[in-house]
There are 2 protein chains.
Amino acid sequence: MTTNSLTAEDLGSAAQRDRRRRILDATIALASKGGFDAVQMRAVAEQADVALGTLYRYFPSKIHLLVSALARQFDDTSSMVGRRTVPGDTPADRVIYVLRRATRGMQGDANLTEALTRAFMFADASVATEIHVVGMQLTTMLTRSIKGDAYVEGEQPSDEDVAIARVISDVWLSALVSWVTGRETAEDVADHIETAVRLVLR
Amino acid sequence: MTTNSLTAEDLGSAAQRDRRRRILDATIALASKGGFDAVQMRAVAEQADVALGTLYRYFPSKIHLLVSALARQFDDTSSMVGRRTVPGDTPADRVIYVLRRATRGMQGDANLTEALTRAFMFADASVATEIHVVGMQLTTMLTRSIKGDAYVEGEQPSDEDVAIARVISDVWLSALVSWVTGRETAEDVADHIETAVRLVLR
DNA sequence: GTCATAATAGAAACACGTTGCAGTTTCGAA
DNA sequence: TTCGAAACTGCAACGTGTTTCTATTATGAC
């Protein structure tokens, strides 16, 4: 294994950085238009204007590609949403507010959500790094919501808060899967999440 | 659509019932040996001694096949475990006991677990029926554990118990995915589940 | 500027899920 | 028993993820 695939850290020249960007752009565009099935490697390569072999040099599988796209999306969103105080009087209210917003956002681009969620659920250990990043972003978002105004930048949340955030993440992920696979409606998902949040944050 | 696929209810002749059994046996055997990837439709057909087209007549996709296998496994296990009182003094203890047993059982056949879990997470709306069956089995198992000796056959569990069971199912499923995809160890999973159960059942 | 090395393009080939089809067998009704 | 419909077999073919290979182009050391 003399030549590895290019990672986010080790992006060589400007041309390579640009190729990587074009590939992820094409991925998002295709996913947004037709979901997981529409993200076909040949189509991504063509739309990004790279050869198929090059695509595989940058991302060793379709799953890596989609999870990397997910990580970039998360980065973009969280850097935009940034550090605004979460409205709501109780932890439960704040968490529900945040999750409702997130869920609504994902409903707005159902195909993209389906593609990224499926990839996330299918990802194996070789994608653990990217997955972990996404998990941390989610936990941070939730513990911040739980603490509300009491949140202090850099301070460690309590073990219990982390445990609660984790349970809520799990419920949210399950609900997301139910939704993207067409087994539950958006209302089902919202109700289910709200019930769960009020249960663990009572 | 004049000819539908054969469902579990509409199993025609004894020969057809036997074909179905052979197919599911072959599926479990292959999954147990090599996981999701080893369950190849041609291999299943050959091992079950049916033509590929026949396999697809019984199960319209690999996902249907695997989820049906999962449902049968669940049936077998729950009919074996049957109606034995769950040990433990508190709901949390009983639920943890049951989940530990289940988790240990799945670790004992990691490949099979990986295959069935992946199929479950990938299943779309066309598999909703089979999925629903599995979900009900899981919920029943958990509500029974929560109630312990107070459980009465045929009695409806309370809304809160169902909600709790559902949250625990979600956590368990997420943990399972983390484990089968190699992102967490079995100990991680056990700890995580125990924390979650004590949180919602305090 | 030259040259070795790595990166890319382009295209063929492979693997496996899935579909389609022609011929054969099974099965139930008359 | 005979007949027609449904089920089954065997096999070829297609689509898409993945691999592989050769020729070409970009890059960086000297």
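Please read all numbers here as calculations on a predicted model, not as lab measurements.

(A) Spotlight on the protein's contact with DNA strand D. What surrounds DNA strand D is a group of 18 residues, the closest being Arg 42 of chain A together with Arg 19, Ala 51, Thr 54 and Tyr 58 of chain B. By atom count, sugar and phosphate contribute 69% of the portion of DNA strand D lying within 4 Å of the protein. Gln 40 of chain A places a side-chain nitrogen or oxygen 2.9 Å from a phosphate oxygen of DNA strand D. Broken down by element, the surface near DNA strand D gets its largest block of residues, three residues, from helix α3 (residues 52–58) of chain B. Partitioning the surface near DNA strand D into residue classes produces seven nonpolar, five polar and six charged.

(B) Highlighting the interface of chain A and chain B. In this complex, chain A contributes 29 residues to the contact, which on the side of chain B involves 29 residues. When the two sides are added together, the surface that chain A and chain B hide from each other amounts to roughly 2,700 Å², 59% of it contributed by carbon and sulfur. Our enumeration of links across chain A and chain B arrives at four salt bridges. On the surface where chain A and chain B come into contact, there are 16 residue pairs in polar contact (both at pLDDT 80 or more). Elements with a contribution of two residues or more to the side of chain A that touches chain B: α6 (110–122), α8 (159–180) and α9 (186–200) of chain A.

(C) Expanded view of the protein's contact with DNA strand C. Lining the immediate environment of DNA strand C, one finds 18 residues, of which Ala 51, Thr 54 and Tyr 58 of chain A together with Gln 40 and Arg 42 of chain B sit closest. If you look at DNA strand C and keep only atoms within 4 Å of the protein, 70% of those are sugar or phosphate atoms. Between DNA strand C and Val 39 of chain B there is a distance of 3.4 Å, counted from a phosphate oxygen to a backbone nitrogen or oxygen. A distance of 2.9 Å separates a phosphate oxygen of DNA strand C from a polar atom in the backbone of Lys 62 of chain B. When contributions to the surface near DNA strand C are tallied by element, the ones reaching two or more residues are α1 (14–38) and α3 (52–58) of chain A together with α2 (41–48) and α3 of chain B. Sort the elements by how many residues they give to the surface near DNA strand C and α3 of chain A lands first, with three residues. Tallied by class, residues from the surface near DNA strand C come to seven nonpolar, five polar and six charged.

(D) Spotlight on the relation of the copies chain A and chain B. Here chain A sits on chain B after a turn of 179 degrees about the axis and a move of 0.1 Å along it, with an RMSD of 0.4 Å. As the rotation angle and translation indicate, the two copies are arranged about a two-fold axis. When C-alpha positions in chain A are compared against the rotation axis, the closest is assigned to Val 200 of chain A, at 2.7 Å. A high fraction, 100%, of the interface residues of chain A reappear at the interface in chain B, so the copies pair face to face through one surface.

(E) View of the environment of Val 127 of chain A. All names here are of chain A. Checked against the element boundaries, Val 127 lands in the loop between α6 and α7 (128–147). Judged by relative accessible area, Val 127 falls into the buried class, the value being 1%. On a C-alpha basis, the gap between Val 127 and Ile 96 in space is 30 Å, while along the polypeptide they are 31 residues apart. Residues within four places of Val 127 in sequence aside, it is in contact with Ile 63, His 64 and Val 67.

(F) The arrangement of empty space enclosed by the protein in detail. Residue and element names in this part refer to chain B. For the coordinates displayed, the defined rule picks out four cavities of 30 Å³ or more. By volume, the largest cavity amounts to about 50 Å³. In this structure, the largest cavity is lined by Thr 143, Lys 147, Tyr 151, Val 152, Glu 155, Gln 156 and Pro 157. For the lining of the largest cavity, the residue count by class is three nonpolar, two polar and two charged.

Thresholds applied
Residues numbered from 1 in each chain as written. Chains lettered and ligands numbered in written order. Predicted model: local features only at pLDDT ≥ 70, side-chain atom pairs only at ≥ 80, totals over all residues. Heavy atoms only, no water. Near = heavy atom within 4 Å. Polar contact = N/O pair within 3.5 Å; in protein donor to acceptor, adjacent residues only side chain to side chain. Helix = DSSP H or I, 4+ residues; strand = E, 2+ residues; numbered from the N terminus. Nonpolar A, V, L, I, M, F, W, Y, C, P; charged D, E, K, R; others polar. Contact = heavy atoms within 4.5 Å. Buried area = accessible area lost by both parts, 1.4 Å probe. Salt bridge = Lys/Arg side-chain N within 4 Å of Asp/Glu carboxyl O. Least-squares fit on C-alpha atoms with pLDDT ≥ 70 in both. Buried < 20%, exposed > 50% of the residue type's maximum accessible area, 1.4 Å probe, protein only. 1 Å grid on protein atoms, 1.4 Å probe; cavity = no way out; pocket = protein on both sides within 12 Å on 5 of 7 lines; lining within 4 Å. Points joined across faces, edges and corners; volume = space filled by probe spheres on them.

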